[in-house]
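# Fold and geometry: a report
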Amino acid sequence: LGDYESHADPATLNEFVNSLQRIFKIGIYYPTGHAILDKATRRFMRQLAALAGNNPSVTIQDQGNTLALEGVEVDPKLPFVQEFKTLLSTLGLISITIDREISMSELHEFVRKMLSYKAQVVRAKKFTQVAVSELPHSITVTLKEFLARQDASISEDRSGEATENLESFINSLSEYGL
């Protein structure tokens with residue numbers, strides 16, 4: 001971390017996760033400027049500053065069966081951890097970095113966009129890539145990269161078979177899940 005020092009003790013991590021969870025739970029219901037949302041947002045911003053310490057930002061990263069905040073793993077049993085991991089996975093994200101100077105309106109915009117993108121994916125009837133874009137400048141996301149081999153192309157005479165296999169796979173996923 002160089003000259004930067006994070007204050008990632010367990011109590012601060014827990015408070016940060018809880019305050020972020022609260023904003024995601026109520027951010028969709030209340031407009032910016034509403035007392036309940038603004039109070040929760042101010043609490044989150046205090047936790048963000050506390051966790052960041054001297055760092056300019058805080059990074060939330062998918063880390064196996066849990067999340068890592070500033071490189072420190074969070075207790076996977078915390079209620080919001082699995083929800084947030086699902087959100088990251090659904091949107092094809094590896095990490096989210098939040099600038100410590102984020103404004104309340106930027107944070108609310110970010111939360112609403114993330115929930116909207118998640119809803120788009122959940123409502124999709126087929127594999128659809130949702131572009132996580134137009135986020136506030138105080139938020140940076142890292143996308144998962146998916147690789148495909150060039151030599152694995154489908155020849156003309158087998159394209160129908162591949163389509164059937166893909167449709168069968170999609171139907172199985174929708175019926176049985178992963």
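Below, the structure is looked at part by part. (Residues numbered from 1 in each chain as written. Predicted model: local features only at pLDDT ≥ 70, side-chain atom pairs only at ≥ 80, totals over all residues. Heavy atoms only, no water.)

## A look at the packing of helix 2 (residues 35–52) against helix 4 (residues 104–123)
Keep this limit in mind: Angles run from 0 to 180 degrees between N-to-C directions of axes, and those axes are lines fitted to C-alpha atoms, restricted for helices to the stretch in contact. Numbering of helices and strands starts at the N terminus; helices are DSSP runs of H or I of at least 4 residues and strands are runs of E of at least 2. An angle counts as roughly parallel when it lies under 35 degrees, as roughly antiparallel when it exceeds 145, as roughly perpendicular when it falls between 65 and 115, and as oblique in every other case. The contact rule is simple, with two residues in contact once any of their heavy atoms fall within 4.5 Å. Each residue gets one of three labels, nonpolar for Ala, Val, Leu, Ile, Met, Phe, Trp, Tyr, Cys and Pro, charged for Asp, Glu, Lys and Arg, and polar for the others, Gly among them.
Their axes nearest at 10 Å, the elements helix 2 and helix 4 cross at an angle of 100°. Judged by the angle between their axes, helix 2 and helix 4 are roughly perpendicular. On helix 4, the residues that touch Leu-37, Asp-38, Thr-41, Arg-42, Phe-44 and Met-45 of helix 2 are Met-104, Leu-107, His-108 and Arg-112. Residues belonging to the contact of helix 2 with helix 4 are distributed by class as follows: five nonpolar, two polar and three charged.

## So, the nonpolar core
Across soluble globular proteins, nonpolar side chains have a tendency to be buried as a group. Defined as follows: By nonpolar core we mean a set of buried residues, namely Ala, Val, Leu, Ile, Met, Phe, Trp, Tyr and Cys, connected to one another through side-chain atoms within 4.5 Å. When a residue's accessible area, from a 1.4 Å probe over protein chains only, is under 20% of the maximum for its type it is buried; when over 50% it is exposed; and in between it is partly exposed.
Core analysis: the largest hydrophobic core is formed by 38 residues, its most contacted members being Phe-16, Phe-24, Phe-44, Phe-84, Ile-96, Phe-110 and Met-114. The residues contacting Met-114, other than those within four sequence positions of it, are Phe-24, Leu-87, Leu-91, Leu-93, Ile-96 and Val-132.

## Examining unusual backbone geometry
Positive phi outside glycine occurs at Glu-70, with the angle close to 55°. Tracing the sequence through the fold places Glu-70 in the loop between strand 2 (66–69) and strand 3 (72–73).

## Comments concerning the pattern of salt bridges
Keep this limit in mind: A carboxyl oxygen of Asp or Glu within 4 Å of a side-chain nitrogen of Lys or Arg is what we treat as a salt bridge.
This structure, assessed with the given rule, holds five salt bridges. Residue Glu-15 is joined to Arg-43 by a salt bridge in which the shortest nitrogen-to-oxygen separation is 2.5 Å. Here Glu-15 is found in helix 1 (residues 10–26), whereas its partner Arg-43 is found in helix 2, with 28 residues between them in sequence. On the basis of relative accessibility, which here comes to 29%, the residue Glu-15 falls in the partly exposed class. Across the pair Glu-83 and Lys-25 runs a salt bridge, and its minimum N-O distance is 2.9 Å. Taken as a pair, Glu-83 in helix 3 (residues 79–90) and Lys-25 in helix 1 lie far apart in primary sequence, 58 residues in all. Exposure remark for Glu-83: the relative accessible area of 33% places this residue in the partly exposed category.

## Brief notes about the pairing of strand 4 (residues 93–99)
Counted only if it meets this: Strand pairing is defined by DSSP finding a minimum of two bridges between the two strands.
Where burial is concerned, most of strand 4 is hidden: five out of the seven residues are buried. Across five bridges, the pairing between strand 1 (residues 57–63) and strand 4 is antiparallel. From the neighbouring strand, Thr-59 faces strand 4, where its bridge partner is Thr-97. Pairing of strand 4 with strand 5 (residues 139–143) involves five bridges; the strand directions are antiparallel. For Thr-97, the partnering residue across the bridge sits in strand 5 and is Thr-140.

## Overview of the sheet that holds strand 5
As summarised here, the arrangement of the five strands in space is 3-2-1-4-5, forming an open sheet in which the pairing is antiparallel. Two strands lie at the open edges of the sheet, namely strand 3 and strand 5, each paired on one side alone. Most of the contacts of helix 2 go to strand 1, to which it runs at about 85°, and overall it touches strand 1, strand 2 and strand 4. On top of the sheet, helix 3 reaches strand 1, strand 2 and strand 4; it is set at about 90° to strand 2, its chief contact.

## Focus on the environment of Leu-78
Mapped onto the elements, Leu-78 comes out in the loop between strand 3 and helix 3. Each C-alpha atom, one on Leu-78 and one on Thr-66, is 9.4 Å from the other, the two residues being twelve residues apart in sequence.

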